[in-house]
Amino acid sequence: MLLSKYCSSNFDEKKNELFDQEEMPSCEYESDFFDEEGMIYSEEDSDVCEERAENIKENKSIIEKIKEEFIARNKGALDNEVAGQASHILETFTEPAVFGTEKDRFRVLRDIFKRFHKNQRKIFKALKTLMPFREELCSLLLMSIFRKLSGSKIVRTPILVGPPGTGKSYAVEALVNALNTHGIITRLHLCKMSSYMDQSKDLTLRLLGSESHYTRSHPGVIFKDVSNKNVDLVVVFIDEVEKGMPVIYPTLVNLLDPNQPLQDMFINSIITHPHDMRFKTVFVLAGNNIEPLLEIPELRDRLESPIEFKPYSPKEKVELVVRLSRIHFSSITCNIDNSKKRKIAWKIMQQNPDISLRELLDQVEKELLSQLYPWYRTTSPVKPASKRRIGFV
């Protein structure tokens with residue numbers, strides 16, 4: 001079987017096998033379960049063709065049915081603002097599989113998986129270029145996407161662990177960039193946790209929307225993207241997740257449960273037809289300290305083994321500055337000689353050995369600009385702020 005072949009404990013051996021294949025692998029039992037269009041069926045069923053035609057016909061008209069149901073059910077029951085917003089959503093809705101059956105969703109995933117498998121080596125190479133010295137981490141992230149698109153029902157949520165400045169957020173951004181570059185249209189939604197806000201309510205409102213009877217109700221960002229046929233994947237990145245614990249614990253259990261449909265609260269309140277957004281949605285968590293999550297059995301069961309991001313060595317930081325400067329620096333500084341960038345980076349590293357990669361890139365570009373434009377350089381050091389408090393002697 002496809003999943004048992006690639007989801008073994010001997011990861012390093014299987015990873016190389018996965019990303020070096022020329023053709024897409026097939027299941028041992030594929031002829032028994034999949035037809036030419038990728039629909040699931042049994043050979044014992046004598047009415048397969050008729051049932052398939054019925055499903056296709058029903059799938060084409062499902063959007064019209066939902067619109068008719070919405071008009072009949074909510075006529076005069078919603079205020080103008082909510083009704084207008086709901087009508088706009090239904091008019092721009094282009095992905096029937098959201099309201100369809102498991103067969104419909106499987107067919108959509110299979111089409112995406114074919115494109116992903118065709119360009120897998122290019123995606124992996126692009127990700128390695130964006131994330132030097134993190135080849136194993138690139139493989140682990142792509143493995144989660146591979147299993148998701150191949151239809152696995154047991155794939156769990158990856159969680160990135162490491163101190164600040166080790167590239168956790170950048171890894172997710174690089175993954176989305178690599179997928180978009182090679183034909184897998186992906187949307188990224190960053191949710192950064194903070195201890196100064198109502199985490200559970202804010203996270204739910206943003207991702208899953210609010211019920212229509214509330215003032216200024218709206219659908220969540222996940223539904224807006226999943227309902228778009230031109231969007232292949234939606235990546236929801238929840239950063240610094242430990243800051244939201246234990247308040248967001250119930251919300252995370254709901255979001256990460258692979259056996260439960262992921263439903264939008266706004267859509268549920270205006271349409272009775274069931275829907276599921278999970279088939280296109282990938283969740284990624286990150287944190288500096290994930291012990292509070294692992295202590296909760298319900299969450300630990302929904303998470304992959306932590307992907308550890310270790311701090312870069314000084315030599316790796318300098319080399320990363322050279323490579324990433326071509327992508328992140330301005331058009332003025334990106335083409336400057338690499339030896340000059342290395343020299344400046346080493347000088348800054350000697351003065352501040354614990355500097356983060358993000359700050360190092362910033363300091364190197366500022367120094368390059370100051371050499372090109374003398375007026376940019378300050379002639380005198382900045383004086384520290386006075387310790388005397390304003391209003392007091």
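Residues numbered from 1 in each chain as written. Predicted model: local features only at pLDDT ≥ 70, side-chain atom pairs only at ≥ 80, totals over all residues. Heavy atoms only, no water.

1. A look at the overall build of the protein chain
At step 1: In terms of regular secondary structure, the protein chain is built from 19 helices and 5 strands.
At step 2: Burial status across the protein chain gives 47% buried among its 393 residues.
At step 3: Sequence-distant contacts in the protein chain: of pairs separated by 6 or more residues, those separated by 24 or more amount to 74%.
At step 4: Accessible area for the protein chain stands at about 21,800 Å²; split by element, carbon and sulfur atoms hold 51% of it. (Helix = DSSP H or I, 4+ residues; strand = E, 2+ residues; numbered from the N terminus. Buried < 20%, exposed > 50% of the residue type's maximum accessible area, 1.4 Å probe, protein only. Contact = heavy atoms within 4.5 Å. Areas by Shrake-Rupley, 256 points an atom, 1.4 Å probe, with all protein chains shown as cover.)

2. Looking at the pairing of strand 4 (residues 281-287)
At step 1: Judged by how many residues are buried, strand 4 sits mostly within the fold: 7 of 7 residues are covered.
At step 2: Burial along strand 4 is two-sided: the face carrying Thr281, Phe283, Leu285 and Gly287 and the face carrying Val282, Val284 and Ala286 are both buried.
At step 3: Bridge count between strand 1 (residues 159-161) and strand 4: 3 bridges; the pairing is parallel. Considered in strand 4, the bridge of valine 161 is made with glycine 287.
At step 4: Bridge count for strand 3 (residues 233-239) against strand 4 is 5 bridges, and the pairing is parallel. Along strand 4, the bridge assignment pairs isoleucine 238 with leucine 285. (Pairing = 2+ DSSP bridges.)

3. Considerations on the side chain of lysine 168
At step 1: Mapped onto the elements of the fold, lysine 168 is located in helix 10 (residues 168-181).
At step 2: Here proline 163 takes part through its backbone oxygen, which lies 3.1 Å from a polar atom of the side chain of lysine 168.
At step 3: Those residues in contact with lysine 168 that lie beyond four places of it in its chain are Leu160, Val161, Gly162, Pro163, Phe237, Ala286, Gly287, Asn288 and Phe309. (Polar contact = N/O pair within 3.5 Å; in protein donor to acceptor, adjacent residues only side chain to side chain.)

4. Quick word on the packing of helix 7 (residues 102-118) against helix 9 (residues 135-149)
At step 1: Axis separation between helix 7 and helix 9 bottoms out at 9 Å; the angle between their running directions is 140°. The orientation of helix 7 relative to helix 9 falls into the category oblique. Facing helix 7, whose interface residues are Leu109, Ile112, Phe113, Phe116 and His117, helix 9 presents Leu142, Ile145, Phe146, Lys148 and Leu149.
At step 2: The residue makeup of the contact of helix 7 with helix 9, split by class, is 8 nonpolar, 1 polar and 1 charged. (Axes fitted to C-alpha atoms, helices over the stretch in contact; angles between N-to-C directions. Parallel < 35°, antiparallel > 145°, perpendicular 65-115°, else oblique. Nonpolar A, V, L, I, M, F, W, Y, C, P; charged D, E, K, R; others polar.)

5. Examining the packing of aromatic side chains
At step 1: With the rule as written, the count across this model stands at 3 aromatic pairs.
At step 2: Ring centres of phenylalanine 99 and phenylalanine 223 lie 6.4 Å apart, and the angle between their planes is 75°; this geometry places the pair in the edge-to-face category. Remark: phenylalanine 223 occurs in helix 12 (residues 221-226) and phenylalanine 99 occurs in the loop between helix 6 (80-92) and helix 7; sequence separation between them is 124 residues. The same class applies to phenylalanine 99 as to phenylalanine 223, namely buried.
At step 3: Centroid distance phenylalanine 116 to phenylalanine 146: 6.5 Å. Interplanar angle 50°. Geometry classified as tilted. One end of the pair, phenylalanine 116, is in helix 7; the other, phenylalanine 146, is in helix 9, with 30 residues separating them in the sequence. Just as phenylalanine 116 is buried, phenylalanine 146 falls in that class too.
At step 4: Each residue in the set Phe113, Phe116 and Phe146 is aromatic and connected to the rest through ring pairs, giving one cluster. (Phe/Tyr/Trp six-rings, centres within 6.5 Å; stacked < 30°, edge-to-face > 60°.)

6. A look at the packing of helix 8 (residues 120-130) against helix 10
At step 1: Closest axis-to-axis distance for the helix 8/helix 10 pair is 9 Å, and the angle between their directions is 145°. Of the two possible hands of crossing, helix 8 and helix 10 adopt the one that is right-handed. Together, Ile123, Ala126, Leu127 and Leu130 of helix 8 and Tyr170, Ala174, Leu175, Asn177, Ala178 and Leu179 of helix 10 make up the contact between the two elements.
At step 2: Across the contact of helix 8 with helix 10, the residue classes tally to 9 nonpolar, 1 polar and no charged. (Left-handed = near helix turned anticlockwise from the far one by under 90°.)

7. Concerning the sheet that holds strand 3
At step 1: Pairing is parallel across the open sheet formed by 5 strands, whose spatial order is 2-3-4-1-5. On the outer flanks of this sheet lie strand 2 (186-192) and strand 5 (307-308), each paired with one strand and no other.
At step 2: Pairing of strand 1 with strand 5, which is carried by 2 bridges, proceeds in the parallel orientation. Looking at the pairing, valine 161 lines up with glutamate 308 of strand 5.

8. Comments concerning the nonpolar core
At step 1: Counting residues in each nonpolar core, the largest one holds 94 residues, and the members touching the most others are Phe116, Leu207, Ile238 and Val364.
At step 2: Residues in contact with valine 364, not counting those within four places in the same chain, are Val321, Phe329, Lys341, Ile344, Ala345 and Ile348. (Core = buried A, V, L, I, M, F, W, Y, C linked by side-chain atoms within 4.5 Å.)

9. Some remarks on unusual backbone geometry
Note on backbone geometry: most residues besides glycine have negative phi, and most peptide bonds are trans.
At step 1: Although it is not a glycine, phenylalanine 133 sits at a positive phi angle of roughly 65°.
At step 2: For phenylalanine 133, a relative accessible area of 41% corresponds to the partly exposed category.
At step 3: Phi is positive for glutamate 240, close to 50°, though the residue is something other than glycine.
At step 4: The topology assignment puts glutamate 240 in the loop between strand 3 and helix 13 (249-256).

10. Points about the pattern of salt bridges
At step 1: Taken as a whole and judged by the stated rule, the model has 13 salt bridges.
At step 2: Two residues, glutamate 304 and arginine 147, come together in a salt bridge whose shortest N-O distance is 3.3 Å. With glutamate 304 in the loop between helix 16 (297-300) and strand 5 and arginine 147 in helix 9, the pair connects residues that are 157 residues apart, well separated along the chain.
At step 3: Overall, arginine 147 belongs to the buried group, its relative accessible area being 11%.
At step 4: Overlapping salt bridges, with partners in common, bring together Lys192, Asp239, Glu240 and Lys243 in one network. (Salt bridge = Lys/Arg side-chain N within 4 Å of Asp/Glu carboxyl O.)

Read these as layout, nothing more, since geometry by itself doesn't imply function.
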